[in-house]
Amino acid sequence: MWNWHRQVKDSVSQKTIGLMRMQFWKTAVEDIYRDDPPVQPIGIELWKAVRRHTLTRRWMLRIISEREKDLEDRAYRSLKELESYSENTQSSLLYLLLETLGVKDVHADHAASHIGKAQGIVTCLRATPYHSQRRRVYLPMDICMLHGVSQEDFIRGSREQNVRDVVYDIASQAHVHLQHARSFSKSVPAAASAAFLQTVVLEDYLQRVRKVDFDVFHPSLQKRNPLLPLQLYMRSWKETY
């Protein structure tokens, strides 16, 4: 369901259609919490999960509402706005995952907040080549303006230093959030590590973009790291993130 929400903006040709789909899920969530789920597979399974794990309705509705606002199809005005979007979507999903794992811990919540923000920022960076090919740019405008970079520079796939500087600033903020999340690791219950395994993927991308001097269009960034499954397994075995 949440993966589908992320794809709505790319899959609909008119904003009105996207809004209708989001409204369907808002109503579905409200019905689920009234024990009257929609008669469709995802709705039924979500209802079962809510009953089994006592999931918080606020996190679900926050994800939907933020995705709905994102249908505006424009660049983020600032890095802070991108962080807010990431908190309301990625972090909210992590809060739900923690609830399914039975983890109720303030340190785990703090870590989830930072990991979600890092994930949102990295996702925005990773998708830049894809969006640029479709003449769309979503990178924070304040950072682009700071370095004198226009949306057209990204659409052209520019690899000039000022473009790299934009990527550096944005990637650095993701790195900061990742480090903050890991600063709580000794206080976070081991059971929470299963919800935080995406840190392996985030760290991998940040390391690779650094190695190519923050050239977001470098071909190597479009290739998968064959060692990722092993790294994920090791982190899972060690119950760390």
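We now turn to the structure provided with this report.

The rules we used
Residues numbered from 1 in each chain as written. Predicted model: local features only at pLDDT ≥ 70, side-chain atom pairs only at ≥ 80, totals over all residues. Heavy atoms only, no water. Phe/Tyr/Trp six-rings, centres within 6.5 Å; stacked < 30°, edge-to-face > 60°. Buried < 20%, exposed > 50% of the residue type's maximum accessible area, 1.4 Å probe, protein only. Helix = DSSP H or I, 4+ residues; strand = E, 2+ residues; numbered from the N terminus. Lys NZ or Arg CZ within 6 Å of the ring centre and 35° of its normal. Axes fitted to C-alpha atoms, helices over the stretch in contact; angles between N-to-C directions. Parallel < 35°, antiparallel > 145°, perpendicular 65-115°, else oblique. Left-handed = near helix turned anticlockwise from the far one by under 90°. Contact = heavy atoms within 4.5 Å. Nonpolar A, V, L, I, M, F, W, Y, C, P; charged D, E, K, R; others polar. Salt bridge = Lys/Arg side-chain N within 4 Å of Asp/Glu carboxyl O. Patch = residues over 30% accessible without salt bridge, like charges linked within 9 Å, V, L, I, M, F, W, Y side chains within 5 Å. Areas by Shrake-Rupley, 256 points an atom, 1.4 Å probe, with all protein chains shown as cover.

## Looking at the packing of aromatic side chains
Logical step 1: Per the stated rule, a full pass over the model turns up six aromatic pairs.
Logical step 2: Ring geometry for Phe24 and Trp25: centres 5.1 Å apart, planes at 80 degrees, overall edge-to-face.
Logical step 3: Judged by its relative accessible area of 5%, Trp25 falls in the buried class.
Logical step 4: Both rings, one in Tyr168 and one in Phe214, keep their centres 5.0 Å apart while their planes meet at 90 degrees; by these two values the pair is edge-to-face. Of this pair, Tyr168 sits in helix H10 (residues 161–182) while Phe214 is found in the loop between helix H11 (198–211) and helix H12 (228–238), placing the two residues 46 residues apart along the sequence.
Logical step 5: Seen from the ring of Tyr33, Arg57 lies directly overhead, with NZ or CZ sitting 5.4 Å from the centre.
Logical step 6: Taking NZ or CZ as reference, Arg58 lies 4.2 Å from the ring centre of Trp59, over its face.

## Focus: the packing of helix H6 (residues 106–126) against H11
Logical step 1: For the pair H6 and H11, interaxial distance at closest approach is 10 Å and the crossing angle is 45 degrees. Taken together, the axes of H6 and H11 lie oblique to each other. Crossing of H6 over H11 shows left-handed handedness. Across the interface between the two elements, Ile115, Ala118, Gln119, Val122, Leu125 and Arg126 from H6 touch Gln198, Thr199, Val201, Leu202, Tyr205 and Leu206 from H11.
Logical step 2: A breakdown of the residues in the contact of H6 with H11 according to their chemical character gives eight nonpolar, three polar and one charged.

## Brief notes about the pattern of salt bridges
Logical step 1: Per the counting criterion, the structure on display carries 18 salt bridges.
Logical step 2: Among the salt bridges present, the one from Glu68 reaches Lys26, with a minimum N-O distance of 2.9 Å. Of this pair, Glu68 sits in helix H4 (residues 57–69) while Lys26 sits in helix H2 (residues 15–32), placing them 42 residues apart in sequence.
Logical step 3: A relative accessible area of 18% means that Glu68 is categorised as buried.
Logical step 4: Here the salt bridges do not stand alone but share partners, grouping Arg159, Arg164, Asp213 and Asp215 into one network.

## Things to note about the environment of Leu139
Logical step 1: Tracing the sequence through the fold places Leu139 in the loop between helix H7 (128–133) and helix H8 (141–146).
Logical step 2: Between the alpha carbons of Leu139 and Ala127 there is a distance of 9.8 Å; along the sequence they are 12 residues apart.
Logical step 3: Setting aside residues no more than four positions away along its own chain, Leu139 makes contact with Ala75, Tyr76, Cys124, Leu125, Thr128, Cys144, Phe154 and Ile170.

## Description of a nonpolar patch on the surface
Logical step 1: Together, Leu227, Leu230, Tyr233, Met234 and Trp237 line one region of the surface with nonpolar side chains, adding up to about 580 Å² of accessible area.
Logical step 2: Along the chain, Leu230 falls in helix H12.
Logical step 3: Residue class for Leu230 comes out exposed when judged on its relative accessible area of 51%.

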